[in-house]
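Each chain is listed here by its residues.
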Amino acid sequence: MLKKILSALLCAALFVLPLAGCSPSPTAVTVGGRKVDASEYAFYLSYNRIRSGEPSGTILYSAESTALAREAALDQIVTNEVVRLKCAELGLTLSAETKAQLAAEKAALIDSLGGKAAYLDYLKQANLTDRAYDKLAENESWYNLLYDHMQEDGRRYYTDEKLRQYFAEHYATVKYIFFTMLDNDGQFLPLEERQEKRLLAESVLAKAQTPDADFDALMAQYNEDPAMTVGFPVSELEAGSTYYLTSLFSLEENQVSELLTLQDGWYILKRCPVSATVYDENQQDIAEAALDWRFDQTLRQWKTEYSVTVHPVVDQIDLNNLSDYVK
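Note that the structure is a prediction, hence the values are computed from the model and not measured.

**A word on the overall build of the protein chain**
Logical step 1: Of the regular secondary structure elements, the protein chain holds 13 helices and seven strands.
Logical step 2: Carbon together with sulfur atoms contributes 52% to the accessible area of the protein chain, which is approximately 17,500 Å² in total.

**As for the nonpolar core**
Nonpolar side chains in soluble globular proteins tend to be buried together.
Logical step 1: By size, the foremost hydrophobic cluster in this structure holds 45 residues, and its most contacted members are Val29, Val31, Tyr41, Leu45, Leu146 and Ile317.
Logical step 2: Within the residue set of this core, elements represented by two or more residues are β1 (27-31), α2 (38-48), α3 (63-90), α4 (96-113), α5 (116-125), α6 (130-157), α12 (283-305) and α13 (313-316).
Logical step 3: Leaving out residues up to four positions away in the same chain, Leu45 has contacts with Ala69, Arg70, Ala73, Ile317, Asp318, Leu319 and Leu322.
Logical step 4: Judged by nonpolar contacts, the second largest core, of 30 residues, contains Phe179, Leu205, Phe215 and Met228.

**Some points on the side chain of Asp292**
Logical step 1: Residue placement: Asp292 occurs in helix α12.
Logical step 2: In this structure Asp292 comes out as buried when scored by relative accessible area, which is 12%.
Logical step 3: Polar side-chain contacts of Asp292 include one of 2.3 Å to the side chain of Tyr147.

**Some details on the sheet that holds β1**
Logical step 1: Strand order in the open sheet made by the three strands is β2-β1-β7, with antiparallel pairing throughout. Because the sheet does not close on itself, it has two edges, and the strands there are β2 (34-37) and β7 (308-310). Each strand of the sheet is rotated relative to its neighbour by a mean of 20 degrees, with strand direction disregarded.
Logical step 2: Where β1 meets β7, three bridges bridge the pair, whose relative direction is antiparallel. Across the sheet, Thr30 pairs through a bridge with Thr309, a residue of β7.

**Some words on helix α8 (residues 191-208)**
Logical step 1: Across its 18 residues, α8 extends 25 Å between first and last C-alpha, which sits within 8% of the 26 Å expected from 1.5 Å per residue.
Logical step 2: Here α8 has its buried residues at Lys197, Ala201, Val204, Leu205 and Ala208. Buried positions in α8, seen along its axis, are confined to an arc of 105 degrees and lie on one side of it. Every exposed residue of α8 that faces more than 90 degrees away from the buried side is listed here: Leu191, Glu192 and Leu199.

**A word on the packing of aromatic side chains**
Logical step 1: Scanning all chains against the criterion turns up 17 aromatic pairs.
Logical step 2: Here Tyr158 and Tyr166 contribute two aromatic rings whose centre-to-centre distance is 6.2 Å and whose plane-to-plane angle is 70 degrees, an arrangement assigned as edge-to-face.
Logical step 3: A relative accessible area of 8% means that Tyr166 is categorised as buried.
Logical step 4: For the pair Tyr176 and Tyr244, a centre-to-centre distance of 5.3 Å together with 70 degrees between the ring planes defines the contact as edge-to-face. Of this pair, Tyr176 sits in strand β3 (residues 171-180) while Tyr244 sits in the loop between α10 (236-240) and β5 (260-262), placing them 68 residues apart in sequence.
Logical step 5: According to the relative accessible area criterion, Tyr176 is buried, its value standing at 2%.
Logical step 6: Accessibility expressed as a relative area gives 16% for Tyr244, which makes it buried.
Logical step 7: Each residue in the set Tyr157, Tyr158, Tyr166, Phe167, Tyr171, Tyr279 and Trp293 is aromatic and connected to the rest through ring pairs, giving one cluster.
Logical step 8: Lys162 extends its terminal NZ or CZ atom over the ring of Tyr157, reaching a point 5.3 Å from the ring centre.

**Description of the confidence of the model for the protein chain**
Logical step 1: Looking at the protein chain as a whole, the pLDDT averages 90, with 90% of positions reaching at least 70.
Logical step 2: The low-confidence segment residues 54-58, where pLDDT is below 50, has two contacts with residues more than four positions distant or belonging to other chains.

**Description of the packing of helix α7 (residues 160-170) against α12**
Logical step 1: As a packed pair, α7 and α12 sit with axes 10 Å apart at the nearest point and diverge in direction by 85 degrees. The pairing of α7 with α12 is recorded here as roughly perpendicular in orientation. Contacts between α7 and α12 involve Asp160, Leu163, Tyr166, Phe167 and His170 on the former and, on the latter, Gln283, Ile286, Ala287, Ala289, Ala290 and Trp293.
Logical step 2: The residue makeup of the contact of α7 with α12, split by class, is eight nonpolar, two polar and one charged.

**Focus: the pattern of salt bridges**
Logical step 1: A full pass over the atoms with the stated rule returns 18 salt bridges.
Logical step 2: A salt bridge links Arg164 to Asp280; its shortest N-O distance comes to 3.9 Å. Taken together, the residues span a long stretch of sequence, with Arg164 in helix α7 and Asp280 in helix α11 (residues 276-281) at a distance of 116 residues.
Logical step 3: With a shortest N-O distance of 2.9 Å, Arg198 and Glu202 are connected by a salt bridge. Of this pair, Arg198 and Glu202 both sit in helix α8, four residues apart, roughly one helical turn.
Logical step 4: Classification of Arg198 by relative accessible area gives partly exposed; the value is 32%.

**Focus: the pairing of β2**
Logical step 1: With four bridges joining them, β1 and β2 adopt antiparallel strand pairing. Within β2, the residue paired with Val29 across the bridge is Val36.
Logical step 2: Linkage of β1 to β2, two consecutive antiparallel strands, is achieved through a turn of two residues, within which Gly32 is found at a positive phi near 55 degrees.

**A look at α6**
Logical step 1: For α6, built from 28 residues, the straight-helix expectation of 40 Å at 1.5 Å per residue is met to within 8% by its first-to-last C-alpha distance of 41 Å.
Logical step 2: Maximum bend of α6: about 30 degrees, positioned at Asn139.

Parameters and conventions
- Residues numbered from 1 in each chain as written.
- Predicted model: local features only at pLDDT ≥ 70, side-chain atom pairs only at ≥ 80, totals over all residues.
- Heavy atoms only, no water.
- Helix = DSSP H or I, 4+ residues; strand = E, 2+ residues; numbered from the N terminus.
- Areas by Shrake-Rupley, 256 points an atom, 1.4 Å probe, with all protein chains shown as cover.
- Core = buried A, V, L, I, M, F, W, Y, C linked by side-chain atoms within 4.5 Å.
- Buried < 20%, exposed > 50% of the residue type's maximum accessible area, 1.4 Å probe, protein only.
- Contact = heavy atoms within 4.5 Å.
- Polar contact = N/O pair within 3.5 Å; in protein donor to acceptor, adjacent residues only side chain to side chain.
- Pairing = 2+ DSSP bridges.
- Axes fitted to C-alpha atoms, helices over the stretch in contact; angles between N-to-C directions.
- Expected span 1.5 Å × (residues − 1).
- Arc of directions from axis to C-beta.
- Phe/Tyr/Trp six-rings, centres within 6.5 Å; stacked < 30°, edge-to-face > 60°.
- Lys NZ or Arg CZ within 6 Å of the ring centre and 35° of its normal.
- pLDDT = per-residue confidence, 0-100.
- Parallel < 35°, antiparallel > 145°, perpendicular 65-115°, else oblique.
- Nonpolar A, V, L, I, M, F, W, Y, C, P; charged D, E, K, R; others polar.
- Salt bridge = Lys/Arg side-chain N within 4 Å of Asp/Glu carboxyl O.
- Bend = angle between axes of the 7 residues up to and from the residue.

Structure, rendered in structure tokens:
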């Protein structure tokens, strides 16, 4: 589910039993008054770095790789700090049971590694300090706490009328005409055949975009995907993770797309109305999707409402020297 996505990425092996005191590291990022030090920032940067494929022993990172890692790191930091800020505003706190579980998990990890010294070496290899470990270990619990609170609020928000409105806006029936550029063995067709196929696709597109076009007839005549016969319902979430449907919800109902050139061929999409029977048959799944969507949108909005300050030390930390700041 949505509530697992970010926290699971950052907490897979992070489980609270303090070993260190105050941070000796300068502040790197401030989010709504909450401070994140340079060592914690360095961990996020490390987590998001992209290997450039340089020969072994000469790992170098391009400006593009650094920029991408910085962008992802800052977004993750802001997300986690905003979650804690909202929990504080809403009066949400971690239970004694949760804290005890985190402490037990950390103690078990230290024991499994062979003691405190091995644990600290483990953290060093991961570009983590003990205090950052403790904080990261709590992130999933804070995230889930806020998520569960918002789910309860969402269930009150989504009356039958509002849920039907969500369904109408975020579900559609998709139809498409596909022209493959691959042969039966999955290899590219000869260039001349691909060019001919492209010209055919363009001519069919021109027909499909005329006001009185019979898209179903064109689909029956030209479509090369046997799985597409009468169209099928799809949610905006599903479309966003399906490579040939990512642009579907940018279309109006009954609108035909431009020609999409993708890795396996050419697609002409048509967004069609979705049957009410889909709602009746899948109401529980639609309700869960609506709750996740509302939480995601609300969290995105919250992230714009807090001031974010990136301090000068951040410019000194890059993908090659970040371990120098883990202290």
